[in-house]
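Report on the structure
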Amino acid sequence: MPLMESISEINKTGKGRPEGTTILSKDTKTFKNVLDGVKAAGTAEKTAEKTTAKTVSGTAGNLDSIFKKAASTYGVSEKLLKSVAKTESDFQVTAVSKAGAMGIMQLMPATAKELGVSDPFDPEQNIMGGAKLLAANIKEFGGDLKLALAAYNAGSGAVRKYDGVPPYEETQNYVKKIMADLQSDAAIDINSVLGTVSEAGSGFIGEGSSVDELKSLISTLGFGSSQNSGMMGINTIFSGLLNKEIDETGTVDKEMFANFIEILRLQMLMNTTNSIGDMDFDDD
């Protein structure tokens, strides 16, 4: 079943982007004009500050309204959506896992593209996409919530292969954790966990992560592949940042992470734009 009805955010620059930033010209072939636009809007330090501000400033109230909208749109309970978001990312807008999953609902690049999420770091796009995926999983598995959650974590194929929740420790714990949340009378407070995802050892890439881990993730994502012919891929652009002088700790700093998020966002935007006309938008 196709997971997307329309792409409505393709030409938007994204909330919280520095004023004056150039995203894509009509005849863009590389990211050069994109990076020039970012530079024109301010220093990398300002970009980092704005990225951080987008993550935490006024987030809880804004996210509450988005979760309500997503729950209403796709018929999935708000508490379920919040529990998934808490488990996936602790509600962090710019969360990027070491496997490449992005944003609040931790959408993998291919899944985000299929869902029509052009900017996985835009809270509304990400949460709406995650809600749509959960609703599709619930429908696919006949309303069995445990199987739907297992599919969200491990993929529908794994659930079908094992005819149940796959015997993966991560998936088993994931399903148990969310089901326990749902059975509890306590409300899920976004503010109570917001900001914890960047702590060391969390399984996410962020400020303080090893540069080698970031390089490995970029290689895994494969954004410099031949599929992006005619465009300069993320590997090419980001190589300059990775090859600059790195402090003795060999870790990702605020500037590097902010630039990584911005370039990743732009690459996803271009990938989604290029897919227009190739996707089946029916939702039968």
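Remember, it's a predicted structure, so these values are computed and weren't measured experimentally.

Quick look at unusual backbone geometry now. As a rule of thumb, non-glycine residues mostly have phi less than zero, and peptide bonds are mostly trans rather than cis. The phi angle at Phe-91 is positive, at roughly 65 degrees, despite the residue not being glycine. Here Phe-91 shows up in the loop between helix H4 (78–89) and strand S1 (96–97). A relative accessible area of 0% means that Phe-91 is categorised as buried. A positive phi angle, close to 55 degrees, is found at Asp-163, a residue other than glycine.

Tallying each qualifying case throughout the model produces nine salt bridges. The shortest N-O distance in the salt bridge between Lys-86 and Asp-181 comes to 3.0 Å. One end of the pair, Lys-86, is in helix H4; the other, Asp-181, is in helix H9 (residues 169–183), and 95 residues separate them in sequence. Each member of the pair Lys-86 and Asp-181 is classed as buried. A salt bridge links Arg-160 to Glu-140, with the nearest nitrogen and oxygen atoms 2.4 Å apart.

Among the structural elements, Gly-155 can be located in the loop between helix H7 (145–154) and helix H8 (156–162). Taking C-alpha positions, Gly-155 is 9.4 Å from Asn-137, a pair spaced 18 residues apart along the chain.

Counted by the stated rule, this structure contains three aromatic pairs. Ring geometry for Phe-67 and Phe-91: centres 6.0 Å apart, planes at 85 degrees, overall edge-to-face. Separated by 24 residues along the polypeptide, Phe-67 in helix H3 (residues 59–74) and Phe-91 in the loop between H4 and S1 bring together distant segments of the chain.

The next subject is the confidence of the model for the chain. Of the residues in the chain, 62% have a pLDDT of 70 or more, and the chain-wide mean is 75. Counted against residues more than four places away or in other chains, residues 1–35, with its pLDDT under 50, gives 78 contacts. Confidence over residues 224–232 falls short of pLDDT 50; this stretch has 18 contacts with residues more than four positions distant or in other chains.

Definitions and limits used
- Residues numbered from 1 in each chain as written.
- Predicted model: local features only at pLDDT ≥ 70, side-chain atom pairs only at ≥ 80, totals over all residues.
- Heavy atoms only, no water.
- Helix = DSSP H or I, 4+ residues; strand = E, 2+ residues; numbered from the N terminus.
- Buried < 20%, exposed > 50% of the residue type's maximum accessible area, 1.4 Å probe, protein only.
- Salt bridge = Lys/Arg side-chain N within 4 Å of Asp/Glu carboxyl O.
- Phe/Tyr/Trp six-rings, centres within 6.5 Å; stacked < 30°, edge-to-face > 60°.
- pLDDT = per-residue confidence, 0-100.
- Contact = heavy atoms within 4.5 Å.

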